[in-house]
Amino acid sequence: MNSDNKTILKGMDINELNHWCSSNNFDQFRAKQIYQWLYLHGVDSSSRMHNLPKEYQKHISESCTLSTLEMVSKTVSENKKTIKYLFKTIDSNFIESVSMIDENGRHTVCVSSQSGCNVGCDFCATADMGLMKNLSSGEIIDQLIIIRSLSDKPINNVVYMGMGEPFLNYNNVIKSADILNDEKGFNISVNKITISTAGIVPKIIKFIDQKISYRLAISLNASNDLVRTNIMPINKKWPISDLININKLYSKQYKRKKITFEYVIMDGVNSSVKDAIDLAEILSSAKCKINIIPYNETDGKYKRPSDITINKFIKTLSLHNNDNFQILVRWSNGLDIDAGCGQLAISNNIKEE
Ligand code: SAH
Ligand code: SF4
């Protein structure tokens, strides 16, 4: 229910819609039709649900809310390949999402799972907002529905790497991913949906136990506990050894899939040759991928290393790799509009609106 006492249909899975249909005296088979209108077609008005009788359309329009987000602004990067969207929720919280088209024309959307975040990573702009709220599955999906409706390219990839810590909003995140994956929903394959976590160990174990097959990324960001605790206070609770054990567990459970460890490289913090050698060492116990992300500068405290330093780091890492891990480098798009990873934050004047 929202403040008008209307039921929010967006985010309901097929079981919940079945239930809603029976409590509203709708024929059971209508649930499937409504589900497709909501997700496959993304309509924002029941008058567009053409295969529903007029009285059903009227009932939905009087008693339900279909859209959970309003688009506030859209900022396009100079090369037009990256667009940052600012959305407002019904309860007046703000979130951002980023749409990126790569050189092969593939469209990736980076979605937020929370408004703000309370994990407190020192280098991340979202952390300064604190946590405003967990997003509902409908609010997560609506980011994609709105972006899909405004883009001429279909969405190929979804990454839960916008604002927030997805595993502190576990149920809503998994439910939203299930709807994105469903062929009657968004029909995005499990391998094209990636959930990135700062390392909420009990939830990662739950994810593995439940045999969930969306891609898993873990933000490692350091090769020793001293540095990781300094930049990610969560490391006090769940240190690097826990994450390495998880990788072993994961590679047993998912024979052909690998965890991606993300490593945001920051000048003088975790960018030395020794850091690269230590990183190769800790990643040697089980197969995985490592994604090196050059830091996107935010408030000036941390700096992006020079390309020479980054390349030296990558070269050292690959020299010490005994075929255990695959190295990827993400040269972020959208830096001119602050739409790179970790640059998503709502400025105070909007928050206080
Ligand atoms: N909370 C989750 C997902 C959102 S952050 C997580 O931490 O994994 C997504 C990624 O952006 C993480 O790997 C994080 O380490 C990285 N990141 C945060 N701030 C960044 C910045 N300023 N530059 C580059 N990457 C950043
Ligand atoms: Fe939260 Fe991720 Fe930013 Fe850390 S890096 S503060 S977990 S959004």
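Residues numbered from 1 in each chain as written. Chains lettered and ligands numbered in written order. Predicted model: local features only at pLDDT ≥ 70, side-chain atom pairs only at ≥ 80, totals over all residues. Heavy atoms only, no water.

Draft legend 1. Spotlight on the overall build of the protein chain. Counting secondary structure elements, the protein chain contains 11 helices and 14 strands. A globule of 353 residues ought to have a C-alpha radius of gyration of about 20 Å, and the protein chain, at 21 Å, matches this closely. In terms of overall dimensions, the protein chain has a C-alpha envelope of 70 × 45 × 40 Å along the principal axes. Counting the 353 residues in the protein chain, one finds 52% classified as buried. (Helix = DSSP H or I, 4+ residues; strand = E, 2+ residues; numbered from the N terminus. Rg over C-alpha atoms; globule rule 2.2 N^0.38 Å. Buried < 20%, exposed > 50% of the residue type's maximum accessible area, 1.4 Å probe, protein only.)

Draft legend 2. Layout of the packing of helix 1 (residues 14–23) against helix 2 (residues 30–39). Between helix 1 and helix 2, whose axes approach to 8 Å, the crossing angle comes to 125 degrees. Of the possible angle classes, the one that applies to helix 1 and helix 2 is oblique. The chirality of how helix 1 crosses helix 2 is right-handed. In this structure, helix 1 uses I14, L17, N18, W20 and C21 to contact helix 2, whose residues at the interface are R30, A31, K32, I34, Y35 and L38. In terms of residue class, the contact of helix 1 with helix 2 is made up of eight nonpolar, one polar and two charged. (Axes fitted to C-alpha atoms, helices over the stretch in contact; angles between N-to-C directions. Parallel < 35°, antiparallel > 145°, perpendicular 65-115°, else oblique. Left-handed = near helix turned anticlockwise from the far one by under 90°. Contact = heavy atoms within 4.5 Å. Nonpolar A, V, L, I, M, F, W, Y, C, P; charged D, E, K, R; others polar.)

Draft legend 3. Here's a closer look at the pattern of salt bridges. If you walk through the whole model with that rule in mind, you get nine salt bridges. Among the salt bridges present, the one from R330 reaches E262, with a minimum N-O distance of 3.6 Å. Pair noted here: R330 is in the loop between strand 14 (325–329) and helix 11 (348–351) and E262 is in strand 12 (residues 260–265), with a separation of 68 residues, a long-range link. What makes E262 buried here is its relative accessible area of 4%. As a salt-bridge pair, K274 and D278 come within 2.7 Å of each other at their nearest N and O atoms. Note that K274 and D278 are positioned in helix 9 (residues 273–282) at a spacing of four residues, about one turn of the helix. Exposure remark for K274: the relative accessible area of 53% places this residue in the exposed category. Salt bridges sharing partners connect three or more residues here, namely D91, K133 and E139. (Salt bridge = Lys/Arg side-chain N within 4 Å of Asp/Glu carboxyl O.)

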